[in-house]
Amino acid sequence: MKVNTMAEMMASGTMPEYLFWVGCAGSFDQRAQKITKAFSLILDKVGISYAILGKEEACTGDPARRAGNEFLFQMMAYQNIQVMNAYGVKKIITTCPHCFNTIKNEYPELGGNYEVIHHTTLLQSLINEGKIILKEGGAFKGKKISYHDSCYLGRANNIYEAPRKVLEILDAELIEMKRCRSNGLCCGAGGAQMFKEEEPGTTRINIERAEEAVATGAQIIASACPFCNTMLTDGIKNKEKENEMAVLDIAELIAESMA
Amino acid sequence: MEMLAPLIFLALLATAGFLFYKKASLIKKTILLGKSEIQYEQPAHRWKQVLLLAFGQKKMFKNPLVAFLHLIIYAGFIIINVEVLEIVIDGITGKHRVFLPYIGSFYTYFINVFEILAFGVTVVCVIFLVRRNVLYIKRLSSNDLAGWPKTDANLILVVEIVLMSLFFLMNGADQALQNLQVAHYAPTGSFIVSSMLVPSLSQLSADTLLLIERSAWWLHIIGILAFLNYLPYSKHLHIILAFPSAYFSSLEPAGKMKNMPSVQNEVLYAVDPSKAPTDATPPATFGAKDIFDLNWKSLMEAYSCTECGRCSAACPATTTGKLLSPRKIMMATRDRLEEVAQNINKNTNFIDDQKTLLHNYISVEELRACTTCNACVEACPVSLSPLDIIMELRRSLIMEESNAPSEWNNTFSNIENNFAPWKFSPEDRENWAKEI
């Protein structure tokens, strides 16, 4: 399977329907790379026309802005918007809620106007259109799955249903955690916390969330954000439950179940 | 005495009104010390928020039982005010139960509604006192409230119970006086709650009853006027400011951070100097170090916060024992505002007191603990935003003081040089694609 870059597409005189914004975690983090690969496999199978920016993609500036470094954010935003506007990008899909939020909500007033779609929303519409067909008796049939709401998808952008609707087709048993949807508990990574040691406290946020996840008795914690994925995986290891439960992105669950 | 009473009443009313006006003006002036970057667009949508969040208390109903109890006090407060209107007219005109001759038998019906509500308010206030002082509900007994805030909360509940009791006593004594056919006390019919006091009150002489009825009447209205003047010093100010706060609450996706056009332009001029106007002056400050640098919406929200603590109960940092508590952010902002207000009141203009909201009231450790998850804004019944204040202070910390943990400095330099928060070569960004 070949993943094209926008530069390659342009050189061959074609333009893809979507830019797949991979994001830094999806590009470099070994765990998140698996999510990226799973999602591009789905796109490929369904026959969606897309390309990535490759080396021309840069951090959206989300962690810099939320840490308080507006200069760095503006630099990154300027650079990214220049690149995307030069390619005439219209639609963007991304597997990262932080990239999603920044490009969708914060780039427009800086001159970057695109239709931005989170991968869970795209997966939901592909399912609705009948374009995603699953194997008979899929690997997750009857399994207990609990979905962890990403703050930047849920509270930040009011996307609560799409990921749940996608999970429904797995024919699994969906269990909610004690704090879910608009009351969902953060994984602890947002606001640039991912990139520094947590402040002193009585426990870590990801451990607190992992405890709630463990309490559901689910075998799979479904995530929709690479950072939530990392935080929850660490939390579950801390609870020594890594052999009983796995944290998997919704794209991975679908990719593995597709016919 | 009959001539004197209305005069005394008018003097009291005028004094209470004047004092309230004076304090309210000072608060307004203090709030407007903030920056004026308020959004007024979509008024229809904003009025809808006022209806849903403030009038309708929609978000309170995330916890239906507490919402119901709060609704009783709220409905009681609004509806019993109709009776206060009559009391005020009585006070000014020297009449007694001025509405009675006009509406006849409906009068009993109205007072019964007020009494049922007043009884409900009394019961709920007792329940709320128990929740705060006996059951120790976590968000109502945390360290944020140590000292004055705890007293403030209890005082409000006790005063409401006292006011309601005076209302019952006044009505009970009135009915006992009616039974004795004392002049001025026209028959009103029996009132549903206060009639229960009549048997014991009827043991007393007419003179004693008159003294009780008049004392209860005066104490009740003086209590209300005093309470009005207590509001601006108390967390209870939310009964007024919740409405404008709901109106001005953000209509944009919660994840969107406020843009800084000044920095946007700085960056633009740096990469494309031809775009820079010749008279471009860099902004004086970045982010907020003190209340003057915050938007006035944030300052109003600090006065609007009633310290219920739903934000902190939902905050991932607070609940995992970090120093940060979003409720404390609001309280600290109001404390600083009060200090600045007193400073201005004393010196006409603000005289530098060598203090700032950042550092003196809100510490670096608190600010660093925020995950920007928006749980606080979501949890707040009127969508106040501690997050806005936190982010503006963070901006000041980084851009004015270069005050960042070393890990963040590394992250910044990675983003700047490698275009990712980690130290990977930008050349490797698409390596994953070769592995499929």
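Parameters and conventions
Residues numbered from 1 in each chain as written. Chains lettered and ligands numbered in written order. Predicted model: local features only at pLDDT ≥ 70, side-chain atom pairs only at ≥ 80, totals over all residues. Heavy atoms only, no water. Helix = DSSP H or I, 4+ residues; strand = E, 2+ residues; numbered from the N terminus. Buried < 20%, exposed > 50% of the residue type's maximum accessible area, 1.4 Å probe, protein only. Contact = heavy atoms within 4.5 Å. Areas by Shrake-Rupley, 256 points an atom, 1.4 Å probe, with all protein chains shown as cover. Lys, Arg positive; Asp, Glu negative; His and termini not counted. Charge placed at Lys NZ, Arg CZ, Asp CG, Glu CD. 1 Å grid on protein atoms, 1.4 Å probe; cavity = no way out; pocket = protein on both sides within 12 Å on 5 of 7 lines; lining within 4 Å. Points joined across faces, edges and corners; volume = space filled by probe spheres on them. Domains from an automatic or database assignment. Nonpolar A, V, L, I, M, F, W, Y, C, P; charged D, E, K, R; others polar. Pairing = 2+ DSSP bridges. Axes fitted to C-alpha atoms, helices over the stretch in contact; angles between N-to-C directions. Core = buried A, V, L, I, M, F, W, Y, C linked by side-chain atoms within 4.5 Å. Salt bridge = Lys/Arg side-chain N within 4 Å of Asp/Glu carboxyl O. Buried area = accessible area lost by both parts, 1.4 Å probe. Parallel < 35°, antiparallel > 145°, perpendicular 65-115°, else oblique. Left-handed = near helix turned anticlockwise from the far one by under 90°. Phe/Tyr/Trp six-rings, centres within 6.5 Å; stacked < 30°, edge-to-face > 60°. Lys NZ or Arg CZ within 6 Å of the ring centre and 35° of its normal. Expected span 1.5 Å × (residues − 1).

1. Quick word on the overall build of chain A
Move 1: Assigned secondary structure in chain A consists of 11 helices and eight strands.
Move 2: Principal-axis analysis of the C-alpha atoms places the extent of chain A at approximately 50 × 50 × 30 Å.
Move 3: Considering chain A as a whole, with its 259 residues, one finds that 64% of them fall into the buried category.
Move 4: For chain A, long-range pairs separated by at least 24 residues make up 78% of all intrachain contacts whose partners lie at least 6 apart in sequence.
Move 5: With an accessible surface of roughly 9,300 Å², chain A has 49% of that area assigned to carbon and sulfur atoms.
Move 6: Computed over 28 positive and 32 negative side-chain charges, the separation of the two mean positions in chain A equals 2 Å.

2. Some remarks on empty space enclosed by the protein
Move 1: Overall, the coordinates contain five cavities of 30 Å³ or more when judged by the stated rule.
Move 2: Lining the largest cavity are 19 residues; nearest its centre among them are D62, P63, H98, F195 and F227 of chain A.
Move 3: Sort the elements by how many residues they give to the lining of the largest cavity and helix α2 (residues 23–28) of chain A lands first, with four residues.
Move 4: Two domains each provide a minimum of three residues to the lining of the largest cavity, namely domain 1 (6–124) and domain 2 (134–257) of chain A.
Move 5: Of the pockets and cavities examined, the second largest cavity occupies roughly 90 Å³.
Move 6: Together, 14 residues line the second largest cavity, and C315, P316, C370, C373 and C376 of chain B are the ones closest to its centre.
Move 7: Those elements giving two or more residues to the lining of the second largest cavity turn out to be α13 (316–319) and α17 (375–379) of chain B.
Move 8: Residues that form the lining of the second largest cavity fall into these classes: 11 nonpolar, three polar and no charged.

3. Observations regarding the sheet that holds strand β1 (residues 18–21) of chain A
All names here are of chain A.
Move 1: Pairing is parallel across the open sheet formed by four strands, whose spatial order is β2-β1-β3-β4. A strand with exactly one partner marks an edge of an open sheet, and here the two such strands are β2 (50–51) and β4 (115–118).
Move 2: Here four bridges tie strand β3 (residues 91–94) to β4, and the two strands are oriented parallel to one another. The partner of K91 across the bridge, within β4, is E115.
Move 3: Contacting β1, β2 and β3, helix α3 (residues 30–46) crosses the sheet at an angle of about 165° to β1.
Move 4: Together, β1, β3 and β4 form the strand contacts of helix α7 (residues 119–128), whose direction differs from that of β4 by roughly 80°.

4. What to know about the nonpolar core
Move 1: By size, the foremost hydrophobic cluster in this structure holds 94 residues, and its most contacted members are I42, M84, I92, L122, I132, L170 and I254 of chain A.
Move 2: A total of eight residues in this core trace back to one element, the largest contributor, which is helix α5 (residues 70–87) of chain A.

5. Section: the pattern of salt bridges
Residues and elements named next belong to chain B.
Move 1: Applying the stated criterion across every chain yields a total of 46 salt bridges over all chains.
Move 2: Linking D290 and R336 is a salt bridge whose minimum nitrogen-to-oxygen distance equals 2.8 Å. A residue pair is termed long-range when its members are at least 10 positions apart, and D290 in the loop between α10 (261–271) and α11 (296–304) and R336 in helix α14 (residues 326–347) qualify at 46 residues. The same class applies to D290 as to R336, namely buried.
Move 3: E339 is paired through a salt bridge with K355; the nearest N and O atoms lie 2.7 Å apart. Taken together, the residues E339 in helix α14 and K355 in the loop between α14 and α15 (357–361) connect sequence positions 16 residues apart.

6. Here we look at the interface of chain A and chain B
Move 1: Taken together, the 71 residues of chain A in the interface contact 60 residues of chain B.
Move 2: Across the chain A to chain B interface the summed buried area is about 5,700 Å²; carbon plus sulfur atoms make up 64%.
Move 3: The interface formed by chain A and chain B includes six salt bridges.
Move 4: The salt bridge involving K37 of chain A is made with E435 of chain B; its shortest N-O contact spans 2.7 Å.
Move 5: Of all the elements in the fold, those that place two or more residues in the side of chain A that touches chain B are α2, α3, α4 (62–67), α5, α6 (97–106) and α9 (205–215) of chain A.
Move 6: Per-element accounting of the side of chain A that touches chain B gives the leading share, eight residues, to α5 of chain A.

7. A look at the packing of helix α2 (residues 43–55) of chain B against helix α9 (residues 238–248) of chain B
Residues and elements named next belong to chain B.
Move 1: Orientation of α2 relative to α9, taken along the N-to-C sense of each, is 135°, at an axis distance of 7 Å. On the basis of the axis angle, α2 is oblique to α9. Pair α2 / α9 crosses with right-handed handedness. Contacts between α2 and α9 involve P43, R46, W47, Q49, V50, L53, A54 and F55 from the first element and A242, F243, A246, Y247 and F248 from the second.
Move 2: For the contact of α2 with α9, the per-class residue count stands at 11 nonpolar, one polar and one charged.

8. Description of the packing of aromatic side chains
Move 1: Applying the stated rule across the entire model yields 22 aromatic pairs over all chains.
Move 2: Of the aromatic side chains, those joined through ring pairs into one cluster are Y40, W47, Y247, F248 and W296 of chain B.
Move 3: Directly above the ring of W408 of chain B sits K196 of chain A, whose terminal nitrogen or CZ lies 5.7 Å from the centroid.

9. Here's the deal with the sheet that holds strand β8 (residues 246–249) of chain A
Residues and elements named next belong to chain A.
Move 1: Within the open sheet, the four strands sit side by side as β6-β5-β7-β8. Their pairing is parallel. What marks the edges here is a single partner per strand, and that holds for β6 (173–174) and β8.
Move 2: Relative to β8, strand β7 (residues 220–223) runs parallel, the two being bridged by four bridges. Bridge pairing in β8 links A222 to L248.

10. With respect to the domain arrangement of chain B
All names here are of chain B.
Move 1: According to the domain assignment, chain B contains domain 1 (4–31 + 63–247) and domain 2 (262–403).
Move 2: Relative placement of domain 1 and domain 2: their C-alpha centres are 37 Å apart.
Move 3: On the side of domain 2, 26 residues touch domain 1, which itself brings 26 residues to the contact.
Move 4: Between domain 1 and domain 2, roughly 2,100 Å² of surface is buried when both sides are summed, and carbon and sulfur atoms account for 56% of that area.
Move 5: A per-residue breakdown of the area domain 1 buries against domain 2 is headed by I31, R139 and D144, which together make up 30% of the total.
Move 6: In the side of domain 1 that touches domain 2, the residues fall into 15 nonpolar, six polar and five charged.

11. Overview of helix α18 (residues 386–399) of chain B
A turn of α-helix holds 3.6 residues, and therefore any two residues three or four places apart point the same way.
Move 1: The end-to-end C-alpha distance of α18 of chain B, which contains 14 residues, comes to 20 Å, matching closely the 20 Å that a straight helix rising 1.5 Å per residue would cover.
Move 2: Summarising burial for α18 of chain B: 13 of the 14 residues are buried, a large majority.

12. Remarks on the packing of α9 of chain A against helix α10 (residues 226–238) of chain A
When two helices pack together, their arrangement is given by the angle between their axes and by how far apart the axes lie.
Residue and element names in this part refer to chain A.
Move 1: In the contact formed by α9 and α10, the axes pass within 8 Å of each other and the chain directions differ by 75°. Classed by the angle they form, the pair α9 and α10 counts as roughly perpendicular. Contact residues: α9 offers N206, I207, R209 and A210, while α10 offers M231, L232, D234, G235, I236 and N238.
Move 2: When the residues that make up the contact of α9 with α10 are grouped by side-chain class, the tally is five nonpolar, three polar and two charged.

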